[in-house]
There are 2 protein chains.
Amino acid sequence: MKHRIVIVGAGFAGLTVVQGLKGVDCDITVIDQRNHHLFQPLLYQVATSMLATSDIAWPIRSLLRDRKDVTTLLGKVDGVDRDAREVILRHGTRVPYDSLVIATGVRHAYFGKDHWEEYAPGLKTLEDATTIRRRLLLAFERAEMSENEAERDAQLTFAVIGAGPTGVELVGIIAELAHRILPGEFRRSDTRRAKVMLIEAGARILPAFGDKLSAYAKHALSRRGVEVRTGTPVTECTSDGIVLGEEFIPTHTVIWAAGVQASQAKDWLHAKADHAGRVIVNDDLTLPGDPSIFVLGDTAHVESDGQQVPGVAPAAKQQGSHTARTIRARLTGAEPPGRFRYRNMGNLATVGRNAAVIEYGRFQMKGWLAWWVWGIAHIYFLIGARSRLFVSLNWLWSFLSGQNSARLITQKEHSPSSGQSIEDDGFARRDRD
Amino acid sequence: MKHRIVIVGAGFAGLTVVQGLKGVDCDITVIDQRNHHLFQPLLYQVATSMLATSDIAWPIRSLLRDRKDVTTLLGKVDGVDRDAREVILRHGTRVPYDSLVIATGVRHAYFGKDHWEEYAPGLKTLEDATTIRRRLLLAFERAEMSENEAERDAQLTFAVIGAGPTGVELVGIIAELAHRILPGEFRRSDTRRAKVMLIEAGARILPAFGDKLSAYAKHALSRRGVEVRTGTPVTECTSDGIVLGEEFIPTHTVIWAAGVQASQAKDWLHAKADHAGRVIVNDDLTLPGDPSIFVLGDTAHVESDGQQVPGVAPAAKQQGSHTARTIRARLTGAEPPGRFRYRNMGNLATVGRNAAVIEYGRFQMKGWLAWWVWGIAHIYFLIGARSRLFVSLNWLWSFLSGQNSARLITQKEHSPSSGQSIEDDGFARRDRD
């Protein structure tokens, strides 16, 4: 019987393992709880209606169509039976493995304030993105409908909590929407008066970048009308607003970009994990005491050159190809590559239209040139020729016309069991929270 | 004070009124319960994952951006106060009018069997389309997971009820998905074994077309693997299947394309309506006894040359421009155009890839040439240069590569109030019904 490899999670890490195993004589099963691979670095563009969902997501089984050695299953993992060497899916199906790769990513975390999620959704999945998109766009619509000035101001206040790359990129586009794209479309409210806030508990924004780039990003955001608050942790989130120290800020649109928590892999494996729930693995990415199990990507805690490997796409891909090399070597009797070493491919983040920051070792770049480099790099990394073409056209169009595309309010948070009817309220308050 | 025109519904009829009033010195308010105009003739392509939602829908206020005389409101109408001449929105806002245009379309109707909607959703809105898309795609996924042959067969049975253009177009693409696009992507189940059924209570499919074209369409569908059942009304719909006469057909994916019911305009206006709830209007499209109110499009019952005007996009557009001419004439003191006359622009329907039927008076066309004419006509009528380009590229790509694009399962029917978490079950049975 062929060696059976089960890969849980079809993100960057999981799919890179599949790629790296091309031509190896084995049976591969890919399990994911969603039917699509997601290009997460551009998810904030879906959340802000610049791109459509299908611009950055592709059916997994369509990506793996030509790999006859791969079976794709849409399923939710409930556990791993390490004695029987089987992955247990919800509804009881068991999938046997000889090698198991777990790369199930992270979710946002609220540091013990889980009830904040209702008011401050995070951004990790397509559903998260369409939820945020709907809230953002409905806030502008409600401001237009409102005849009460305080209510209108609250609707036009947008707060992003957490100033890593995701928070900075989100707030940059929200400011662009409010101050440049939407003003011509509203008649009663002035969207240019919108208050767009970036809130960071730490001392500066983009802490992973150097001081200079961080200061440039802050300046670039301020020039675009973003109010940047550093050193101010949020102490309360409600349906009516947030509390920063002594100050209450009325807002109905808050986005959480402040913290993450690894998936449940540690519980499935009964494994040791760090404070964020990442499974602590050996330096070759295997589980301590069980070399048949690999944990990769954001789900894993691993060090390289004395530093923790960051939870970024290039790290996930590098771990994926390292794992594929390890498995391939074991199957062919060759020498496994051993220790995983992370090559830092640099940091990139946009801070609005025509402005970005790039850091690669000692090399630093900022401004419009960095923005174009960022755009080209992202198009290059998007999987598939078709998507590259479409995303390029979309951006080029947005850039030249000053318009964006995907501003549709569709999905509802509480949809009735019987589907939508004309009775439904596309504007109901209950949508909001 | 300027003449105030309120238009409820931004479909083909409503937006054509706005276009026709360009340059007239008046205040226009457009009210819709959704933020987007929808190109409904292509909605079945979203439901079958050939197009993305944003390919066929555009924010209304973005379409009307340059019309400074137009205010767009996202709101749900609850009634019309004809004495005060005000439209009443949910949450109490009142919008005063001098002329009122109501063009709020139709929903699917179940002829008194409303509980069927849960098992057999209809297709009128973007949400309907994404609901159907999710059910279709999940059925293939569940067949792949299932280890029980009867269950697998039930998952791979798809029934479309109603053989008008929408039903025929839906079933044509579903057959294409099952028999041509998906087979290479599944390893355990053979999607070519899928049973794709078109069920019609009447004697033949596409009854609005001539006998010959109707017979051609039936033949073309059969050749594509569709089982066409005419003269067989559905007598029961459950979560496990449908009943046709004496026969029970196990299926979990049923789509309703059999009947429509007009929106509630008749209740708002306390007006006379026909059996399908369409408001009966004068031959100039005004409400009997109230010349300041117009009812258009699918919501109106009006005759032209002794025949009821059909509920199709060209009729809605013609009624829109007729109404704009009437209002314009009244405001300028010119002679109003009087009676509305419908010019039949012909009938078009696709019956799968490379096959369509076209009827224009005595002229008839069928086959691949008709398919290309259909494609070009639809691209031409899509609003906006950008969308034309994108839809063309998308179709060209699908045609050349044999692949389609938007096969994402995202939105859920019963989403928890607190947003999605990694705990959510992308494969839960509760999604199904």
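As annotated in an unreviewed UniProt entry, chain A is NADH:ubiquinone reductase (non-electrogenic) from Paracoccus saliphilus. Chain A has a UniProt comment under Sequence similarities (unreviewed entry) that states "Belongs to the NADH dehydrogenase family."

Another aspect to go through is the overall build of chain A. A tally of regular secondary structure across chain A gives eleven helices and 27 strands. Of the contacts formed within chain A by residues at least 6 apart in sequence, a portion of 63% connects residues at least 24 apart. If you sum the accessible surface of chain A, you get close to 16700 Å²; carbon and sulfur atoms cover 52% of it.

Core analysis: the largest hydrophobic core is formed by 112 residues, its most contacted members being B:I28, B:V30, B:I56, B:V87, B:L100, B:L198 and B:L221. In terms of residue count, the dominant contributor to this core is helix 6 (residues 165–181) of chain B (nine residues). Excluding its chain neighbours within four sequence positions, the residues that come into contact with B:L198 are B:V160, B:G162, B:A163, B:G167, B:V168, B:V171, B:I205, B:L221, B:V226, B:E227, B:V228 and B:R229. The next biggest cluster of nonpolar side chains, apart from the first, holds 110 residues, and it includes A:V18, A:Y97, A:F186 and A:A265.

Attention shifts here to the confidence of the model for chain A. Per-residue confidence for chain A gives a mean pLDDT of 89; residues scoring 70 or more make up 89%. With pLDDT under 50 throughout, residues 413–433 of chain A is counted as low confidence; its partners more than four residues away or in other chains account for 72 contacts.

Our next topic: helix 9 (residues 313–332) of chain B. The α-helix advances 3.6 residues per turn, and as a result positions three or four apart in sequence lie on the same side. All names here are of chain B. A rise of 1.5 Å per residue sets the reference length of helix 9, with its 20 residues, at 28 Å; its end C-alpha atoms lie 29 Å apart and thus fit the reference within 8%. Residues A315, A316, Q318, Q319, G320, H322, T323, A324, T326, I327 and A329 constitute the buried set of helix 9. Residues of helix 9 that are buried sit in contact with strand 1 (3–8), helix 1 (12–20), strand 9 (99–102) and strand 21 (290–295). Once helix 9 finishes, G333 follows within two positions and takes phi at roughly 80°, a positive value.

Moving on, we get to the environment of B:G231. Residues and elements named next belong to chain B. Residue position: G231 is located in the loop between strand 13 (226–230) and strand 14 (234–237). Its relative accessible area of 44% is what places G231 among the partly exposed residues. Expressed as a C-alpha distance, the spacing of G231 and A201, which sit 30 residues apart in the sequence, is 4.5 Å. Discounting residues that sit within four places of it in the chain, G231 has contacts with E200, A201 and G202.

It is worth spelling out the sheet that holds strand 17 (residues 253–256) of chain A at this point. Residue and element names in this part refer to chain A. On the basis of which strands lie adjacent, the open sheet formed by four strands has the order 13-12-11-17 and parallel pairing. Two strands lie at the open edges of the sheet, namely strand 13 (226–230) and strand 17, each paired on one side alone. In this sheet, neighbouring strand axes are inclined to one another by 15° on average, regardless of whether the strands run parallel or antiparallel. Relative to strand 12 (residues 195–200), strand 11 (residues 157–161) runs parallel, the two sharing five bridges. Following the sheet pairing, I161 is matched in strand 12 by I199. In the packing of helix 6 (residues 165–181) onto the sheet, contacts are made with strand 11, strand 12, strand 13 and strand 17, and the angle to strand 12 comes to roughly 170°.

Our next topic: the sheet that holds strand 26 (residues 356–360) of chain B. Backbone-to-backbone hydrogen bonds join strands into a sheet, with any given pair of strands oriented parallel or antiparallel. Residues and elements named next belong to chain B. Strands sit in the order 25-26-27 across an open sheet of three strands; the sheet is antiparallel. Of all strands in the sheet, those bounded by a partner on one side alone are strand 25 (347–350) and strand 27 (363–367). Between one strand axis and the next, the sheet turns through 5° on average, direction left out of account. The pairing of strand 25 with strand 26 spans four bridges and is classified as antiparallel. Note on strand 26: the bridge partner recorded for T350 is A356. Here helix 10 (residues 368–381) sits on the sheet in contact with strand 25, strand 26 and strand 27, set at roughly 105° to strand 27.

Strand 5 (residues 70–74) of chain B sits mainly inside the fold: five of its five residues count as buried. The two faces of strand 5 of chain B match: B:V70, B:T72 and B:L74 on one face and B:T71 and B:L73 on the other face are all buried.

With that settled, the discussion passes to unusual backbone geometry. Residue and element names in this part refer to chain A. The phi dihedral of F111 is positive, around 50°, even though this residue is not glycine. Topologically, F111 is positioned in the loop between strand 10 (106–108) and helix 4 (126–145). A relative accessible area of 59% means that F111 is categorised as exposed. Its identity is not glycine, yet L206 carries a phi of approximately 45°, on the positive side.

What the rule picks out here adds up to 45 salt bridges over all chains. Note that A:R61 is salt-bridged to B:E141, the shortest N-O span being 2.7 Å. Residue A:R61 is found in helix 3 (residues 60–63), and its partner B:E141 is found in helix 4 (residues 126–145); the two belong to separate chains. B:D69 serves as the salt-bridge partner of B:R67, at 3.0 Å between the closest nitrogen and oxygen. B:R67 gets classed as buried once you look at its relative accessible area, which sits at 11%.

A word on the environment of B:A300. Residues and elements named next belong to chain B. Summarising the element assignment, A300 is placed in strand 22 (residues 300–301). A sequence separation of 38 residues divides A300 from A262, and the C-alpha atoms of the two residues are 8.2 Å apart. Those residues within four positions of A300 in sequence are excluded, and the remaining contacts are R278, V279, V281 and V295.

Moving on: the packing of helix 1 (residues 12–20) of chain A against helix 9 (residues 313–332) of chain A. All names here are of chain A. Where helix 1 contacts helix 9, the axes come no closer than 7 Å and their chain directions differ by 35°. Note that helix 1 runs across helix 9; the crossing there is right-handed. Residues F12, A13, T16, V17 and G20 of helix 1 form the contact with helix 9, whose participating residues are A313, A316, K317, G320, S321, T323, A324 and R328. Classifying every residue of the contact of helix 1 with helix 9 by side-chain character gives six nonpolar, five polar and two charged.

What follows concerns a nonpolar patch on the surface. Residues and elements named next belong to chain A. On the surface, W368, L369, W372, V373 and I376 cluster together into a nonpolar patch covering about 510 Å² of accessible area. Its place among the elements puts V373 in helix 10 (residues 368–381). Residue classification places V373 among the partly exposed positions, given a relative accessible area of 35%.

For the structure on display, the rule yields 14 aromatic pairs over all chains. Grouped by ring-pair contacts, the aromatic residues A:Y110, A:F111, A:W116 and A:W256 constitute a single cluster.

The rules we used
Residues numbered from 1 in each chain as written. Chains lettered and ligands numbered in written order. Predicted model: local features only at pLDDT ≥ 70, side-chain atom pairs only at ≥ 80, totals over all residues. Heavy atoms only, no water. UniProt positions renumbered as here; feature names shortened; annotations may be inferred. Helix = DSSP H or I, 4+ residues; strand = E, 2+ residues; numbered from the N terminus. Contact = heavy atoms within 4.5 Å. Areas by Shrake-Rupley, 256 points an atom, 1.4 Å probe, with all protein chains shown as cover. Core = buried A, V, L, I, M, F, W, Y, C linked by side-chain atoms within 4.5 Å. Buried < 20%, exposed > 50% of the residue type's maximum accessible area, 1.4 Å probe, protein only. pLDDT = per-residue confidence, 0-100. Expected span 1.5 Å × (residues − 1). Pairing = 2+ DSSP bridges. Axes fitted to C-alpha atoms, helices over the stretch in contact; angles between N-to-C directions. Salt bridge = Lys/Arg side-chain N within 4 Å of Asp/Glu carboxyl O. Left-handed = near helix turned anticlockwise from the far one by under 90°. Nonpolar A, V, L, I, M, F, W, Y, C, P; charged D, E, K, R; others polar. Patch = residues over 30% accessible without salt bridge, like charges linked within 9 Å, V, L, I, M, F, W, Y side chains within 5 Å. Phe/Tyr/Trp six-rings, centres within 6.5 Å; stacked < 30°, edge-to-face > 60°.

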